[in-house]
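Listed here are the chains, written in short residue letters.
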Amino acid sequence: MMMVDTVRLRLSNAHLLRGDRAVLVDAGAPGDGRRIDRALRAKGVDPAEVALVVLTHGHADHAGGSAEVRDLTGAPVALHPADAPMAGRGRNDPLRATGPAGRALRPMVDLAFPGVRADLALDAPLDLRPYGVAGRVEPLPGHTPGSVVVLLDSGDAVVGDLVRGGFLGGVLRPSFPLEHYYAEDRAAVRAALTTVLDLGVDRLFVGHGGPVAAADVRRRLDRVAPVGAVPGR
Ligand SMILES: [Zn+2]
Ligand SMILES: [Zn+2]
């Protein structure tokens, strides 16, 4: 039995996947290590049971807690090499805002964090079965050049910042799909989201708010993943 648990952190979500073993998807912002520790224990998971930490991308609110989480779990950290430079130096690449909200939020989310070097390079699909989870990691660039998604045999997917759920960071209508605040490449986001939908995924667990239903994403695809240039930095 596969379970996806959302761990709500200060700025973002991490996700705990539980099969025969546990995989943690994303590590939160710097300082979120203790929250993750508490959340795992509250769910009855000893942090040492985590077999792998998958980073959906290298942004501060997803990779910023990686060093703390590696200390906590002892598990290897996996990241796509295209996002390794920003994770390594502990500083986001310039965040390209898709609208005014992204520009307004930038000072809050564009944090410096302890740099982290990945133990495992996600430059090709990775089968999660050896880590006790029925699913795989698939590189799908767009939000950042090194963004990946986790596709589970159950029909759920964990897609990081490919799409976001709800307003005010997911406080309001968390299951309502919206375009993310930032995108490196809108055409690639559109292609990535289309790929995920065409795989027959039912539910998308996201980095902010969520989860969102794939049917709702498809219905609003032109709003959630518009094509054209990103308005600006
Ligand atoms: Zn991001
Ligand atoms: Zn994020």
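This text gives an overview of the structure that appears in the document. A quick note: this is a predicted structure, and the numbers were derived from the prediction, not measured. (Residues numbered from 1 in each chain as written. Chains lettered and ligands numbered in written order. Predicted model: local features only at pLDDT ≥ 70, side-chain atom pairs only at ≥ 80, totals over all residues. Heavy atoms only, no water.)

1. A closer look at the coordination of the zinc ion (ligand 2)
- Distances from the zinc ion (ligand 2) to its protein donors, D61 (OD), H62 (NE2), D161 (OD) and H208 (NE2), fall within 2.1 to 2.3 Å.
- Here the zinc ion (ligand 2) binds 4 donor atoms, and the angle range of 88 to 150° at the metal identifies the geometry as irregular.
- The sequence pattern describing where the donors of the zinc ion (ligand 2) fall on their chain is D-H-x98-D-x46-H.
- In this structure, the zinc ion (ligand 2) lies 3.6 Å away from the zinc ion (ligand 1), the two metals sharing D161 as a donor.
- For D61, a relative accessible area of 7% corresponds to the buried category. (Donors = N, O, S within 2.8 Å, 3.2 Å for Na, K, Ca; no water. Tetrahedral: all angles 85-135°; square planar, octahedral: opposite > 155°, others 65-115°. Buried < 20%, exposed > 50% of the residue type's maximum accessible area, 1.4 Å probe, protein only.)

2. Observations regarding the sheet that holds strand 4 (residues 50-54)
- Taken in spatial order, the 6 strands line up as 1-2-3-4-5-6 in an open sheet, and their pairing is mixed. Where the open sheet ends on each side, the last strands, each with one partner, are strand 1 (3-8) and strand 6 (120-121).
- Here strand 1 runs beside strand 2 (residues 13-18); their pairing, made up of 6 bridges, is antiparallel. Within strand 2, the residue paired with D5 across the bridge is L16. (Pairing = 2+ DSSP bridges. Helix = DSSP H or I, 4+ residues; strand = E, 2+ residues; numbered from the N terminus.)

3. Some details on the pattern of salt bridges
- Applying the stated criterion to the full structure yields 16 salt bridges.
- Each of the salt bridges in this network shares a partner with another, and the network as a whole consists of D5, R18 and K43. (Salt bridge = Lys/Arg side-chain N within 4 Å of Asp/Glu carboxyl O.)

4. Considering the coordination of the zinc ion (ligand 1)
- Taken together, the protein donors to the zinc ion (ligand 1) comprise H57 (NE2), H59 (ND1), H143 (NE2) and D161 (OD), at separations of 2.1 to 2.2 Å.
- Taken together, the 4 donor atoms coordinating the zinc ion (ligand 1) span angles of 90 to 170° at the metal, a pattern that classifies the geometry as irregular.
- Mapping the donors of the zinc ion (ligand 1) onto the primary sequence gives the spacing H-x1-H-x83-H-x17-D.

5. Structural notes on the side chain of R186
- Structurally, R186 can be placed in helix 6 (residues 186-198).
- Overall, the relative accessible area of 11% leaves R186 in the buried class.
- The contact partners of R186, leaving out residues within four places of it in the chain, are T98, E179, P226, G228, A229, V230 and P231. (Contact = heavy atoms within 4.5 Å.)

6. Here we look at helix 6
- For helix 6, built from 13 residues, the straight-helix expectation of 18 Å at 1.5 Å per residue is met to within 8% by its first-to-last C-alpha distance of 18 Å.
- Among all positions of helix 6, only R186, A188, V189, A192, L193, V196 and L197 are buried.
- Next to the buried residues of helix 6 lie strand 9 (148-152), strand 13 (203-205), helix 7 (214-219) and helix 8 (221-224).
- Sitting at the amino-terminal end of helix 6 is D185, which places a side-chain oxygen 3.1 Å from the backbone nitrogen of A187.
- Positive backbone phi, at 85°, marks G200, one or two positions downstream of helix 6. (Expected span 1.5 Å × (residues − 1). Polar contact = N/O pair within 3.5 Å; in protein donor to acceptor, adjacent residues only side chain to side chain.)

7. Observations concerning the pairing of strand 12 (residues 172-178)
- Direction of pairing for strand 11 (residues 164-167) relative to strand 12: antiparallel, over a ladder of 3 bridges. By the bridge assignment, F167 is partnered in strand 12 with L172.
- Counting the residues in the hairpin turn of strand 11 and strand 12 gives 4 residues, including L168, whose phi is positive at 50°.

8. Remarks on the packing of aromatic side chains
- Within this structure, the stated rule accounts for 2 aromatic pairs.
- Their ring planes at 20° and their centres at 5.8 Å tell us that F167 and F176 sit as a pair that is stacked.
- For the pair Y181 and Y182, a centre-to-centre distance of 6.3 Å together with 55° between the ring planes defines the contact as tilted. The pair Y181 / Y182 is uniform in exposure class, with both members buried.
- The positively charged end of R164 is found above the aromatic ring belonging to Y181, 3.8 Å away from the centroid.
- For the cation-ring pair, R173 lies above F176, with the distance from its terminal atom to the ring centre recorded as 4.2 Å. (Phe/Tyr/Trp six-rings, centres within 6.5 Å; stacked < 30°, edge-to-face > 60°. Lys NZ or Arg CZ within 6 Å of the ring centre and 35° of its normal.)

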